[in-house]
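So you can see what is in the structure, the chains are spelled out below.
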Amino acid sequence: MIKRPFAAAMARRRHPLAPLLVIVVALLGIAAVYAVVNAATAKAATSASETMVTKGSKLFAEGCASCHGLNAEGSSDGPSLVGAGAASVHFQVATGRMPLAAPGAQAMRKPPIYTEDEIQALAAYVATFGPGPAIPSAAQIDGWKTADIARGGELFRVNCAQCHHAAGSGGALTNGKYAPSLMKASPLEIYEAMLTGPQSMPVFSDASLPMEEKQQIIAYIEEMKRNNNPGGLSLGRLGPVTEGLFIWTIGLGAVIAAAVWIGAKVR
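Source: prediction; values computed, not measured.

Some thoughts on the overall build of the protein
When its secondary structure is counted, the protein shows 11 helices and 2 strands. Put simply, the protein runs from its N terminus to its C terminus through helices and strands in the order α-α-α-α-α-α-α-α-β-β-α-α-α. Burial status across the protein gives 29% buried among its 267 residues. For the protein, long-range pairs separated by at least 24 residues make up 62% of all intrachain contacts whose partners lie at least 6 apart in sequence. Total accessible area computed for the protein in this model is approximately 16800 Å², and 66% of it derives from carbon and sulfur atoms.

What follows is the structure in structure tokens.
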């Protein structure tokens, strides 16, 4: 009589559906824990994003609104930033081109007055006014390290050399504007410039210049930085016109000098 209840309990424990029930309960427990953790993480990320935007709005009101308007709608002193995107803001502010110290034909590169955290906050705030190019990710930028340099050279000569010169040293444009030297530009800045088309530069969207080709161009520019003078004398890195003029001047001068010397010897 004492053993029968125990035997019945054992039979219940060994029910063929018992393992399945244990697995279901375990999975439900894991799902509940994941949902709680995921919700907490999302809340923290949203809170951090809201904090950054709030910080950016204050910085914008202090340093940008006087030219671009309180709602980034633009004014006679500055263009609208609606749809400009975070990448455009990051490029302009990180290179010190903005805020603009004084009106001119073109904003010049100078040391930035904001920290990287402040620049990120400004970019996040301006991005709320409308969709635009986002700041490139590390994966997008770092791809240049394994990109085809030779192909990048071809793309650079087709798309960039007309303004930035064959050596990336920059060149003059119309109405007092100029294409800046690329020798001080970081891979991130180059990528952002292609995405956003600052000042006189055209926009190279992913449709016209895919990510892989942008990375190849960056790889070529970085190679030019490392290998400063692959042909010998730099001659100011002003390209084939200067090199040709140098050859004609020195070479022709040497030929004339040799002819004069030979003539004098004959006499």
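There's more to say after this.
Focus: the pattern of salt bridges
Using the criterion set out here, one finds 7 salt bridges in the structure. Across the salt bridge formed by Arg151 and Glu154, the nearest N and O atoms sit 3.1 Å from each other. Within this pair, Arg151 and its partner Glu154 are both found in helix H7 (residues 149-159), separated by 3 residues, close to a single helical turn. Residue classification places Glu154 among the partly exposed positions, given a relative accessible area of 41%. In this structure, the salt-bridge partner of Asp206 is Lys214, at a minimum N-O distance of 2.9 Å. The exposure class of Lys214 is buried, given its relative accessible area of 0%.

Some points on helix H4 (residues 86-94)
Burial analysis of H4 places 9 of its 9 residues in the buried class, which makes it a mostly covered element. For H4, the set of buried residues is Ala86, Ala87, Ser88, Val89, His90, Phe91, Gln92, Val93 and Ala94. Where H4 is buried, its residues contact helix H5 (116-127) and helix H9 (187-196). Downstream of H4 by one or two residues, Gly96 has phi in the positive range, about 75 degrees.

A short note on the nonpolar core
Judged by nonpolar contacts, the single largest core of 21 residues is most densely connected at Phe156, Ile190, Met194, Ile217, Ile218 and Ile221. Of all the secondary-structure elements, those providing two or more residues to this core are H7, H9 and helix H10 (211-226). Here the element with the most residues in this core is H10; it accounts for 6 residues. Contact partners of Ile221, with chain neighbours within four places excluded, come to Phe156, Leu182 and Ile190. By size, the runner-up hydrophobic cluster in this structure holds 18 residues, among which are Leu81, Val93, Ala94 and Leu122.

Considerations on the packing of H4 against H5
The interhelical angle for the contact between H4 and H5, taken along N-to-C directions, is 145 degrees, at an axis separation of 8 Å. The crossing of H4 and H5 is right-handed. From H4, Ala86, Val89, His90, Val93 and Ala94 reach across to H5, where they touch Glu116, Ile119, Gln120, Leu122, Ala123, Val126 and Ala127. Of the residues in the contact of H4 with H5, the class split is 9 nonpolar, 2 polar and 1 charged.

Considering a nonpolar patch on the surface
Taken together, the side chains of Trp248, Leu252, Val255, Ile256 and Val260 present a nonpolar region at the surface, about 550 Å² in accessible area. With respect to the secondary-structure elements, Leu252 resides in helix H11 (residues 240-266).

Topic: the confidence of the model for the protein
Reading predicted coordinates in detail is not appropriate for stretches of low pLDDT. Per-residue confidence for the protein averages 84 on the pLDDT scale, and 79% of its residues sit at or above 70. Within the protein, the element-level pLDDT minimum falls on helix H1 (residues 3-13), averaging 54, and the maximum on H9, averaging 97.

A closer look at the packing of H7 against H10
Interaxial distance between H7 and H10 falls to 7 Å at its minimum, and their mutual angle equals 95 degrees. What the angle tells us is that H7 and H10 run roughly perpendicular. Residues Ile149, Arg151, Gly152, Gly153, Leu155, Phe156 and Arg157 of H7 form the contact with H10, whose participating residues are Glu213, Gln216, Ile217, Ala219, Tyr220, Ile221, Glu223, Met224 and Arg226. The residue makeup of the contact of H7 with H10, split by class, is 8 nonpolar, 3 polar and 5 charged.

Thresholds, definitions, all that
Counting of residues starts from 1 at the beginning of each chain's written sequence and follows it residue by residue. Note on the predicted model: pLDDT of at least 70 is required for a residue's local features to be given, and 80 or more for side-chain atom pairs to be given and counted; whole-chain, interface and lining totals, by contrast, use all residues. Hydrogens and waters are ignored; side-chain quantities use all the structure's heavy atoms. The secondary structure listing takes helices from DSSP runs of H or I that are at least 4 residues long and strands from runs of E that are at least 2 residues long, numbered from the N terminus. For the exposure calls, accessible area comes from a 1.4 Å probe over protein chains only, and a residue counts as buried if that area is under 20% of its type's maximum, exposed if over 50%, partly exposed in between. When checking whether two residues touch, look at their non-hydrogen atoms; a contact exists if any pair is within 4.5 Å. Note that accessible areas follow from Shrake-Rupley with a 1.4 Å probe, and for residues the cover is restricted to the protein chains shown. By salt bridge we mean one thing: a side-chain nitrogen of Lys or Arg within 4 Å of a carboxyl oxygen of Asp or Glu. Take the buried Ala, Val, Leu, Ile, Met, Phe, Trp, Tyr and Cys residues and link them wherever side-chain atoms come within 4.5 Å; each set so joined is a nonpolar core. Helix axes are fitted to C-alpha atoms over the stretch in contact, other axes to C-alpha atoms as well, and angles between N-to-C directions run from 0 to 180 degrees. The sense of a crossing depends on the near helix, which, turned anticlockwise from the far helix by less than a right angle, makes the crossing left-handed and, turned clockwise, makes it right-handed. The nonpolar class holds Ala, Val, Leu, Ile, Met, Phe, Trp, Tyr, Cys and Pro. Asp, Glu, Lys and Arg form the charged class, and all remaining residues, Gly among them, are polar. Candidate patch residues must exceed 30% relative accessible area and have no salt bridge, after which like charges are joined if within 9 Å and Val, Leu, Ile, Met, Phe, Trp or Tyr side chains if within 5 Å. Per-residue confidence from the predictor is given as pLDDT, running between 0 and 100. Roughly parallel means an angle under 35 degrees; roughly antiparallel, over 145; roughly perpendicular, 65 to 115; everything else is oblique.

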